[in-house]
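# Remarks on the overall topology
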Amino acid sequence: MAMMMDQIDRWRDSANSWLDQYEPVALVVVPIISIVIARAVKSAIDGVAEKGVRATVVELFLRLVKLVPGVKSYIDAEKQKVVDQMQSNKSNRDGWMTELLEMGMGSGVIETMKEKKMNDVAWQGKCSGTVYIAGRESEGHFSLINEACSMFAHTNPLHIDVFQSVVRFEAEVVAMTAALLGSKGKASGGQICGNMTSGGTESILLAIKSSRDYMKARRGITRPEMIIAESAHSAYDKGAQYFNIKIRRVPVNSEFKVDVKAVRRCINRNTILIVGSAPGYPHGIIDPIEELGKLASKYGVCFHVDLCLGGFVLPFARKLGYALPPFDFTVQGVTSISTDVHKYGLAPKGTSVVLYRNHEIRKHQFVAVTEWSGGLYVSPTIAGSRPGGLIAGAWASMISLGLEGYLENTRQIMEASKRIQKGVKEIPELFVIGKPDMTIVAFGSNVVDIFEVNDVMSSKGWHLNALQRPNSIHICVTLQHVPIVDEFLQDLESSVKTVKQNPGPMKGGLAPIYGAAGRMPDRGMVGELLVELMDGTC
């Protein structure tokens, strides 16, 4: 013990002797500066890893430019001009109610609502996606789910001891959906389980949260990362922000499928989740789910398949003979799936399903509270109270249509999609993006400004979706489009001719804004524009 103390004294004397040559201030300041520099270097390295060298350098340069007196105020003024232009086509709020009426309208409010509804845009057949049910909203399948929703409008599955019918409806919707996506096969493991949610975004958020907490419990990961393609839905970015998860974004290949090799390079000790889409929202193309599943199995990470669009089309398209790659729980490595019943399942808006390979993963979705004075509490999804009417509407939709009904619907929309693909290819100025696997057809042009084409289509009453990287637009084909495919193609061809003969933005069009946003190197500024627009809209 004495020898150890002598050794410590010698080390201390030696250290003090060496430090005597430095000023005390330097001994304090230098470590602080070193820490600051180290953090800056780490931040730069992380930025390069996440955004690439070019984007990181551009971002740094623009930050420095904004420090120049007058530059930031000029940029803010120009930004506001863009926001004002984007909002110019939106209805203003003059006459909107801001407080309760002194005397209520009673049942007369229904007539008032009908009058206000008359101001909505004519959407029948003219919207990309949006409305998936065929016909008019007062008849057929519309009428059926409206009645089902109304019958159970007062119910809430949170109260499982009271509204037992709705609790059963949810369990059966989940089970029927799981059966479509491989739960009956041996490869599934026989434990597929899940819950209904308010939509695809909530389903994705829950899958992210469950994967994060599962991987923390299993492998102690406290700085989680997930790997997504640049074509993956924006809900994953939302989940990353909500749950403090780092995103590693990888490119798509020449076929607009996620680059599996790039995914492999991004996997590290902090990876909790990789994501594949079936199909991706932008181009309707299925990622190589089987290859991603092998990666997930090899490295022991979670793998989510986004079937929000494809869940109620691909299983039936496969039965109809369409050649499709594997996409569901029959693929080893898949740990969760999201699919929307309110899209091609033809259920009321606000109904989706999130599924897990087993109960061990799903348990991390739940929130249990034991120390609340209100009693013991546990909730399965983000919402506590949930509208039982929507669950009932989803159940009614699935039970009323059955296998044969979904097969016929899928036959119609797949055939309509193929006709649109063929028609677009026959317009010389346009090209189809990749080889769509499903009911989304994206197209661009090397001859005309595709956003100007979109503006002309908008003037004809169409509501299509503008895309970027590459600049393009797409139509998500629904039953609403089946009878008017020829009208769509005629209007599209006419719009292309109009733009070719008279290039340049049309008054009130959004082409200049979409074009400028795509070319703007400061993506942070584009994000600020979107936030300003949203803040002035909602």
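Preceding this section is the structure that the text describes.
Residues numbered from 1 in each chain as written. Predicted model: local features only at pLDDT ≥ 70, side-chain atom pairs only at ≥ 80, totals over all residues. Heavy atoms only, no water.

## A few points about the packing of aromatic side chains
To be explicit about the condition: Pairing of aromatic rings covers Phe, Tyr and Trp, the last counted by its six-membered ring, and requires centre-to-centre distances within 6.5 Å; plane angles under 30 degrees mean stacked, over 60 mean edge-to-face, and any other angle means tilted. For every residue, the accessible area (1.4 Å probe, protein chains only) is compared with the maximum for its type, and the residue is labelled buried under 20%, exposed over 50%, or partly exposed between those bounds.
Counting across every chain of the model gives 9 aromatic pairs. Considering the side-chain rings of Tyr-242 and Phe-243, the 6.4 Å spacing of their centres and the 85° angle between planes classify their relative orientation as edge-to-face. Here Phe-243 falls in the buried class, since its relative accessible area comes to 16%. By the ring-pair criterion, three or more aromatic residues cluster together here, those being Phe-152, Phe-169 and Trp-395.

## Section: the sheet that holds strand E4 (residues 271–277)
Strands pair in a sheet through their backbones, by hydrogen bonds, and they do so in one of two ways: parallel or antiparallel. We count it as follows: Only strands joined by at least two bridges in the DSSP assignment are considered to pair. Each helix is a run of DSSP H or I of at least 4 residues and each strand a run of E of at least 2, with the numbering of both proceeding from the N terminus. With axes taken as lines fitted to C-alpha atoms, and helix axes fitted only over the stretch in contact, angles between N-to-C directions fall between 0 and 180 degrees. Two residues qualify as a contact provided that any one of their heavy atoms is within 4.5 Å of a heavy atom in the partner residue.
What the 7 strands build is an open sheet, ordered E1-E7-E6-E5-E4-E2-E3; its pairing is mixed. Each edge of the open sheet carries a strand with a single partner, namely strand E1 (193–197) and strand E3 (246–250). If you compare each strand with its neighbour and ignore which way they point, the axes differ by 20° on average. Across 5 bridges, strand E2 (residues 225–229) lies against E3 in parallel orientation. Bridged to Glu-225 within E3 is Lys-246. In the packing of helix H11 (residues 289–299) onto the sheet, contacts are made with E4 and strand E5 (302–306), and the angle to E4 comes to roughly 170°.

## Topic: the pairing of strand E7 (residues 352–356)
The element E7 is extensively covered by neighbouring structure, given that 5 of its 5 residues are classed as buried. Residues Ser-352, Val-354 and Tyr-356 point to one face of E7 and Val-353 and Leu-355 to the other, with burial holding for every one of them. Of the pairings in the sheet, the one linking E1 to E7 comprises 5 bridges and is antiparallel in character. Bridge assignment links Asn-195 to a residue of E7, and that residue is Val-354. Note that strand E6 (residues 336–340) and E7 share 5 bridges and pair antiparallel.

## Section: the pattern of salt bridges
Keep this limit in mind: Between Lys or Arg on one side and Asp or Glu on the other, a salt bridge is scored when a side-chain nitrogen of the former is within 4 Å of a carboxyl oxygen of the latter.
Applying the stated criterion across every chain, the model contains 18 salt bridges. With a closest N to O distance of 4.0 Å, Lys-126 and Asp-491 form a salt bridge. Taken as a pair, Lys-126 in the loop between helix H5 (109–117) and helix H6 (140–151) and Asp-491 in helix H16 (residues 485–501) lie far apart in primary sequence, 365 residues in all. Of the two residues, Lys-126 and Asp-491, both sit in the buried class. Where Asp-213 meets Lys-209, a salt bridge forms, and the shortest distance between an N and an O atom there is 3.0 Å. Of this pair, Asp-213 and Lys-209 both sit in helix H8 (residues 200–219), 4 residues apart, which is roughly one turn of the helix. When its relative accessible area of 18% is taken as the criterion, Asp-213 is described as buried. Residue Lys-209 is classed as buried on the basis of its relative accessible area, which comes to 13%. Residues joined by salt bridges that share partners form a network here, namely Lys-126, Glu-487 and Asp-491.

## A word on the packing of helix H7 (residues 164–180) against helix H14 (residues 388–425)
What counts here: Just so you know how the angles are binned, under 35 degrees is roughly parallel, over 145 roughly antiparallel, 65 to 115 roughly perpendicular, and the rest oblique. Whether a crossing is left-handed or right-handed is set by the direction in which the near helix is turned from the far one by less than a right angle, anticlockwise for left-handed and clockwise for right-handed. Residue classes follow a fixed rule: Ala, Val, Leu, Ile, Met, Phe, Trp, Tyr, Cys and Pro count as nonpolar, while Asp, Glu, Lys and Arg count as charged, and any other residue, Gly among them, counts as polar.
In contact at an axis separation of 9 Å, H7 and H14 are set at 45° when each is read in the N-to-C sense. It follows from the interaxial angle that H7 and H14 lie oblique. Both H7 and H14 take part in a crossing whose hand is left-handed. From H7, Val-166, Phe-169, Glu-170, Glu-172, Val-173, Met-176 and Thr-177 reach across to H14, where they touch Gly-388, Ile-391, Ala-392, Ala-394, Trp-395, Met-398 and Ile-399. A breakdown of the residues in the contact of H7 with H14 according to their chemical character gives 10 nonpolar, 2 polar and 2 charged.

## So, a nonpolar patch on the surface
Quick note on the threshold: Grouping into patches uses exposed residues only, defined as over 30% relative accessible area, and leaves out salt-bridged ones; the cut-off is 9 Å for like charges and 5 Å for nonpolar side chains (Val, Leu, Ile, Met, Phe, Trp, Tyr). Reported accessibility uses the Shrake-Rupley method at a 1.4 Å probe radius. Residues are deemed covered only where the shown protein chains occlude them.
Residues Val-25, Val-28, Val-29, Ile-32, Ile-33, Val-36, Ile-37 and Val-41 make up a contiguous nonpolar surface patch of about 700 Å² in total accessible area. Here Ile-37 shows up in helix H2 (residues 24–51).

## Some thoughts on the sheet that holds strand E13 (residues 472–476)
Here 4 strands make up an open sheet; going across it, the order is E10-E11-E13-E12 and the pairing antiparallel. The open sheet has two edge strands with one neighbour each: strand E10 (431–432) and strand E12 (465–467). Relative to E13, E12 runs antiparallel, the two sharing 3 bridges. For Asn-465, the partnering residue across the bridge sits in E13 and is His-474. Across the sheet, helix H15 (residues 450–459) touches strand E11 (440–444), E12 and E13, and the angle it forms with E13 is around 45°.

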